[in-house]
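Structural features, examined
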Amino acid sequence: MLLTPFGPKIYQGKIDDEVRLDLLRYAFEAEPSQDASGILAGQLEEQYYIYPSKRDLDELRKHIGTYTNQNYIDIEPIWVNFQRADDWQPIHNHAGEFSFVVYVDIPPGMYDEPEIAGSIVFNYGEQLPHSRCQYGPIKPQVGDIFIFPAWLKHCVYPYKSTGQRVSVSGNIITRLNS
């Protein structure tokens, strides 16, 4: 499904559950030497680079290809965010042409909180009367994948529930040929 609330398109889909579980495993196998905090905006304690298998990358490319209508896609880097209660992602954008986020694990209590808690919000343009410059809040479900232009500003709100939300993100570059 492509969402077109205000200009740039946002893709929302579901990742294959086996791939989701692989991404979750890569997340928990990440080591401190893979720390990605230096390049990321998040106010989180744990953010690591991960290196998915070809099969898992192919599943991501399938979704990305649906969104971009491109067959030749590089995804680099790919990282995992471990978000806990009161952690948040300030408004930011990404490098590359497109970016994605996959929600591989979400604490169930987050759904009992207000709509904004743990939600992602996309921002585009300036605030004008009778105009919408924000899409969201979107409270993600386990397995959701969102793909969007890398320049599209977005943020993630904190939540209060116990447990952690694990998301995998990456930047996308399309190529003209293989």
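These lines cover the structure that appears in this document, whether it is placed above or below.

**Notes on the packing of aromatic side chains**
The final tally for this structure, using the stated rule, is 7 aromatic pairs. Arranged with centres 6.2 Å apart and planes meeting at 80 degrees, the rings of Y103 and F146 form a pair that is edge-to-face. Linking Y103 in strand β6 (residues 98-105) with F146 in strand β9 (residues 144-149), this pair joins segments that are 43 residues apart in sequence. Here the two residues Y103 and F146 agree in accessibility, since each one is buried. Aromatic ring contacts, followed pair by pair, group Y103, F122, F146 and F148 into a single cluster.

**Topic: the nonpolar core**
Membership of the largest hydrophobic core comes to 28 residues, with the highest contact counts inside it found for L60 and F100. Every element with two or more residues in this core is listed here: α1 (17-29), α2 (54-68), β4 (73-83), β6, β9 and β11 (165-174). By size, the runner-up hydrophobic cluster in this structure holds 15 residues, among which are I106, M110, V156 and Y159.

**What about unusual backbone geometry?**
Cis peptide bonds are those with omega within 30 degrees of zero, and the linkage from E76 to P77 qualifies with -10 degrees. Positionally, P77 belongs in strand β4. Each neighbour pair has its own omega, and for G136 with P137 the value is 10 degrees, a cis peptide bond. Relative to the helices and strands, P137 resides in strand β8 (residues 134-138). Residue N69 is not a glycine yet carries a positive backbone phi of 60 degrees. Looking at where N69 falls in the secondary structure, it is placed in the loop between α2 and β4. By relative accessible area, N69 is classed as exposed at 69%. Positive phi is not limited to glycine here, since D86 has a value of about 75 degrees.

**Considerations on α2**
With 15 residues, α2 extends 20 Å from end C-alpha to end C-alpha; this agrees with the ideal 21 Å at 1.5 Å per step. Within the span of α2, buried status applies to D56, L57, E59, L60, H63, I64, G65, Y67 and T68.

**Quick look at the pattern of salt bridges**
Across all of its chains, the model carries 12 salt bridges by this definition. Residue D22 is joined to R25 by a salt bridge in which the shortest nitrogen-to-oxygen separation is 3.6 Å. You can see D22 and its partner R25 sitting in helix α1, 3 residues apart, about one turn around the helix. Since its relative accessible area comes to 13%, D22 is described here as buried. With a closest N to O distance of 2.6 Å, K160 and D86 form a salt bridge. Note that K160 is positioned in the loop between β10 (153-156) and β11 and D86 in the loop between β4 and β5 (89-92), a separation of 74 residues in sequence. What makes K160 exposed here is its relative accessible area of 61%. Relative accessible area serves as the criterion here: at 43%, D86 is assigned to the partly exposed category. Several salt bridges share partner residues, and in doing so they unite E18, D22, R25, E29, R55 and D56 into one network.

**A short note on α1**
The end-to-end C-alpha distance of α1 is 18 Å, a good match for the 18 Å that 13 residues give at a rise of 1.5 Å each. Every buried residue belonging to α1 is among V19, R20, D22, L23, L24, Y26 and A27, and all of these are buried. Turning to α1, the residues buried within the fold contact α2, β4, β6 and β11. The opening residue of α1 is D16, an N-cap whose side-chain oxygen sits 3.0 Å from the backbone nitrogen of E18.

Conventions and cut-offs
Residues numbered from 1 in each chain as written. Predicted model: local features only at pLDDT ≥ 70, side-chain atom pairs only at ≥ 80, totals over all residues. Heavy atoms only, no water. Phe/Tyr/Trp six-rings, centres within 6.5 Å; stacked < 30°, edge-to-face > 60°. Helix = DSSP H or I, 4+ residues; strand = E, 2+ residues; numbered from the N terminus. Buried < 20%, exposed > 50% of the residue type's maximum accessible area, 1.4 Å probe, protein only. Core = buried A, V, L, I, M, F, W, Y, C linked by side-chain atoms within 4.5 Å. Expected span 1.5 Å × (residues − 1). Salt bridge = Lys/Arg side-chain N within 4 Å of Asp/Glu carboxyl O. Contact = heavy atoms within 4.5 Å. Polar contact = N/O pair within 3.5 Å; in protein donor to acceptor, adjacent residues only side chain to side chain.

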